[in-house]
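One letter stands for each residue in the lines below.
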Amino acid sequence: MTDDRSAARGSVGQPWSELVGRSHEMARIEEAIAGAAAGECRLVLIDGEPGVGKTRLLRYLIERAHAAGRTVLAGSATEFERLVPFGMYVDAFTRLSDEHDAPGGAPTADAGPGELAEAALRTLLSAGEAGAAGAAGDTDRGRLDRYHTYRGIRALLTHLAADRGVVLALDDLHWADGPSLELTEFLRRRPPAAGFLLAIACRSSMIPPVAGDAVARLSLTPLDEDAVASLMPSDADPRRRRLMYQVSGGNPLFLRALLDTDDNTLTELADGRPGAALALEQTLLAVLREELDRLTPTARRAAHAAAVAGELASLVVIAHIAELDAASAATAVDELCRHGLGTLAGARFTFHHPLVRGAAYDTCGPGWRVAAHARAAGYLRRNDGSLALLAHHTERYAEHGDEQAARTLGDAGIAYLDSAPATAVRLLRDALRVLPERDDLVPYRGHLLTCLAKGTGVMGSLTESRRILQEVIHLPHEVATAAVAFSSVISRLLGRLDEARALLGARTGQTGHDRRVRAQLLLERASVAVLRADPGEARGHALEAVGLLSETADPALGAATHAVLALACLQDGDITAARAYSRRAGWLMDSASDNALIPHVELIAPLSWGETCLERPGEAARHLARGVDLATMSGGSYAMPYLLIAQAHQRARAGRLAEAIETARHAVAASEYIQSSETLAMARCVMLLPVLWRHGTGPAMKLAGQLAEAAPGSAWWQAMAHVSAARVHLAAGRAEPGHAPPPSVLTRDTEVERLAVQSIQAGAEGDVGTALYRSAAAIAAAADGPAYRLGIAYDARARALCGRDDLAGAAVAARIATERFAESGAVGERGLAHQLLATIFGRMGDVVSSRAEIGWAKAAYRESGADWLAGQLARVERQLAARGPRHTARETALTARERQVAELVSQGLTNREVAERLQVSQKTVETHVARIFSKFDVRSRVALTRRMAGRGDGWNHR
């Protein structure tokens, strides 16, 4: 090979000295860096096929960012470590740390990049400590709080960006592990600060969703023939240049791989697999293997060791894995660098291209590779290495009966249960496969099975989770208690409350539990009792749990217990106690760390539900936002439906109907994902009224039909579903199928709405007596309760009084309803009460007041997005407008005798008393009264009195 060709070629793994044919892309990169300098947050995506130049262009971006004075973090992923959580970010912060001398300890206020990089690494690698804590039994303290981790990394990047801006460059994102992808998504949606540039390189066919909406997308296509010719040696003849272009397909990396290939081989390749149809990656790997074969045996073994070690590949580690002495290892690495296969960055060796590492890894032999992973794991154990990397290497050599390997895998799985549940499930299954079958390991096996059940439950496989738990709950060990508690959670999600109650009762009846474990069991029993609509039992269990927790410092568990206790008090009608317990729960939750809350994240739902019912919407919204964030970031799939259902309820109450419907739909999807029939029914229940008010009776009736076919299993939610479905049927003017009776078990918190609905149903059927009786009972049940319940009760009372033609009394009741709904923040119901009041005033002939109430109803419907209700109100307004002119015509047609009768009636005289006063027959008075009512368009004496008072002495009469 000529010197000219050698200078052009370098090595397969070594980049070209200059970028060729990428002037447009380079200009776009300059624009992105300038935009970030101006305070913008940018996302640049570089995509293309393997070898097309993505890594080289990303390196150009890094070089230009450095030249512009930016702080740069550069990390890459490989297919070999894609199961190591946060691997890309560990790589990026390790490189930044290597570039700066980083003192130990926590970063100071004026910390430099090195200190911040070290702090980030401690955060990302804290799973090792978490695994150790989990193995020691302190599973709550040992949990890796994923959301806290994300926020911590964001804060560190914000600090780095403060002065000069920061560039985060991530190569081969398509190989990234799940947590790295989620952290990248988090940073994209919540950029650290102005001046943040996120640059991503990945294959076009494997673009992750996080990179789908890049501000600048640079899709690299193969080079054209002229660009390929410019990269070839100057002495290459035209025929060889054409062959090289045809065979390489314009791919720069493939072109470099083929520079040494003779013309005959090129011709065969071109004839057999021509042009773009050539799948050159395997060809390239073959060329790379040939290049590795040219190395000395020692250098080749060092390449194999570096491929196994990955990011650990320092000279010391390479020597240990390759079983070389230090001098031989150094010489071997020098040979690798001399051949252009990689380079030393500080003490760490890195391959120039992932394909080079892939070739080295594939050619080292399966038996040697297994032993090499074992040596890498041994090195990490002796040097207190990262648990993530230790588990990665242990997975690749562990065999059944290796207790040390099983504990490594198990501890890592426990550590990742909240931060990376998919990884946790894989590691836990491997640990159980490897763990020896010994009696003394039964407790640890039970602990691993319980964690595996939680992981599968978190990922949505409730039935599989329940099956795993059945293996644990009968074990004669303490770990079975945790399995029982989580088994109850699964039973709740599946609507099997009696099963959960029996299981918990048997476990809490046993002795020997410590205070905290017993408190957890009692909390779960209280939660089941609330769903079974048994507030007495729920209060008893929750109060006992509160007593047990009084001497422990566990704010998260205390918050969950007080939240359930508040809900039980609400069911029992003890509003004062409910308020006190709810405030205590909120205070405890606010004082708890994210890490401590994750195990109890689903119980943020009852806290916020109670806060909504107790008319503290701000606290409810704030706690729900935190809960949804925690469940999202921790992968808590089983908790998400409860949280979304409570959030939909809170938004519906606040009059944010579109958001409520969207949130409830997310709850439906989350329920279907985890196959929870119970939360699916609950989600449909909270969606009913928002759908009715926004979209009308058709969609609402369809939804009510789905709810009837798959009703909730819990008595409490059966009662709520019954009330909501009845309101939909009333709005549609249809009776419920078979006049479905209310659930047999009812609580005080659902009693008011049940009585109100029964009153309105009776009124619709013409049974005024029952309507009045039920509405009076609703008011009595709502006494001293939240304003919302009083609004519901007085609204029903107003409708019942309308049925008796007591319009004055109805107006008073409807006015109270509007005031109570306004006080509670229930925008939709407030609009309905104003509409009812408008109708009442219209019947009384008070057009001015009726129009004013219509205006208030319009405003409420507009605020809440109640489009269907607004359409119904428009009909009422048209009727009023059509009726208005007739009032004047009728009033002016009043005769003198009719005026006398009207005046006496307005003074409170009966028809008989008026007849005696005017010395006419009672029948004549009744006729006059009927004509007066018709002319004034009123239906009661009270309405007539109001009209008389409004007209004064200026009546026109015949």
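In what follows, the structure referred to is the one given above.
Residues numbered from 1 in each chain as written. Predicted model: local features only at pLDDT ≥ 70, side-chain atom pairs only at ≥ 80, totals over all residues. Heavy atoms only, no water.

Asks: Would you mind going over the pairing of strand 1 (residues 42-48) in detail, with residue names and values included?
Replies: The element strand 1 is extensively covered by neighbouring structure, given that six of its seven residues are classed as buried. Relative to strand 4 (residues 196-203), strand 1 is paired through seven bridges, and the arrangement is parallel. Looking at the pairing, G48 lines up with R203 of strand 4. Pairing geometry for strand 1 and strand 5 (residues 216-219), over four bridges, is parallel. Looking at the pairing, L45 lines up with R217 of strand 5. (Buried < 20%, exposed > 50% of the residue type's maximum accessible area, 1.4 Å probe, protein only. Helix = DSSP H or I, 4+ residues; strand = E, 2+ residues; numbered from the N terminus. Pairing = 2+ DSSP bridges.)

Asks: Report on the sheet that holds strand 1, specifying residues and quantitative values.
Replies: The strand order across the open sheet built from five strands is 2-3-4-1-5, with neighbouring strands paired in parallel fashion. On the outer flanks of this sheet lie strand 2 (71-76) and strand 5, each paired with one strand and no other. Put simply, the sheet's adjacent strands are angled 15° from each other on average, direction ignored. Packing of helix 8 (residues 178-189) onto the sheet brings it into contact with strand 1, strand 3 (166-171) and strand 4, and relative to strand 4 it is tilted by some 140°. (Axes fitted to C-alpha atoms, helices over the stretch in contact; angles between N-to-C directions. Contact = heavy atoms within 4.5 Å.)

Asks: Talk me through the packing of helix 40 (residues 787-803) against helix 42 (residues 827-844); I want residue IDs and the actual numbers.
Replies: Where helix 40 meets helix 42, the axes come as close as 11 Å, and the angle between the chain directions of the two elements is 25°. Relative to helix 42, helix 40 is oriented roughly parallel. As for the relative orientation of helix 40 and helix 42, their crossing is left-handed in sense. Residues Y788, D795, A798, R799 and C802 of helix 40 pack against E829, L832, A833, L836, I840 and R843 of helix 42. For the contact of helix 40 with helix 42, the residue count by class is seven nonpolar, no polar and four charged. (Parallel < 35°, antiparallel > 145°, perpendicular 65-115°, else oblique. Left-handed = near helix turned anticlockwise from the far one by under 90°. Nonpolar A, V, L, I, M, F, W, Y, C, P; charged D, E, K, R; others polar.)

Asks: So what's going on with helix 45 (residues 896-906)? Residues and values would help.
Replies: Among the residues making up helix 45, those that are buried are E898, R899, V901, A902, L904 and V905. After helix 45 finishes, the residue G908 shows a positive phi value of roughly 100°.

Asks: Which residues make up the packing of aromatic side chains, and what values go with them?
Replies: Counting across every chain of the model gives five aromatic pairs. The structure contains a cluster of three or more aromatic residues connected by ring pairs, namely W609, W716 and W717. Of note, R375 hangs over the ring of W368, and the distance from its end group to the ring centre comes to 5.4 Å. Its end group placed over the ring of Y788, R653 keeps NZ or CZ at 3.6 Å from the ring centre. (Phe/Tyr/Trp six-rings, centres within 6.5 Å; stacked < 30°, edge-to-face > 60°. Lys NZ or Arg CZ within 6 Å of the ring centre and 35° of its normal.)

Asks: How would you summarise empty space enclosed by the protein if you had to cite specific residues and measurements?
Replies: Applying the stated criterion to the full structure yields six cavities of 30 Å³ or more. Here the largest cavity is characterised by a volume of approximately 540 Å³. Considering the residues around the largest cavity, the lining is formed by 26 residues, among which W609, H649, R653, E753 and Y788 are closest to the centre. Listed by contribution, the elements that provide at least two residues to the lining of the largest cavity are helix 28 (555-572), helix 31 (604-613), helix 33 (640-653), helix 35 (677-695), helix 37 (715-732), helix 38 (748-764) and helix 40. With six residues, the single largest contributor to the lining of the largest cavity is helix 37. In this structure, the second largest cavity spans a volume of roughly 250 Å³. In this structure, the second largest cavity is lined by 17 residues; those nearest its centre are L531, L567, P606, Y642 and W716. Going through the elements one at a time, helix 26 (515-531), helix 28, helix 31, helix 33 and helix 37 are the ones with two or more residues in the lining of the second largest cavity. Per-class residue counts for the lining of the second largest cavity are 14 nonpolar, one polar and two charged. (1 Å grid on protein atoms, 1.4 Å probe; cavity = no way out; pocket = protein on both sides within 12 Å on 5 of 7 lines; lining within 4 Å. Points joined across faces, edges and corners; volume = space filled by probe spheres on them.)

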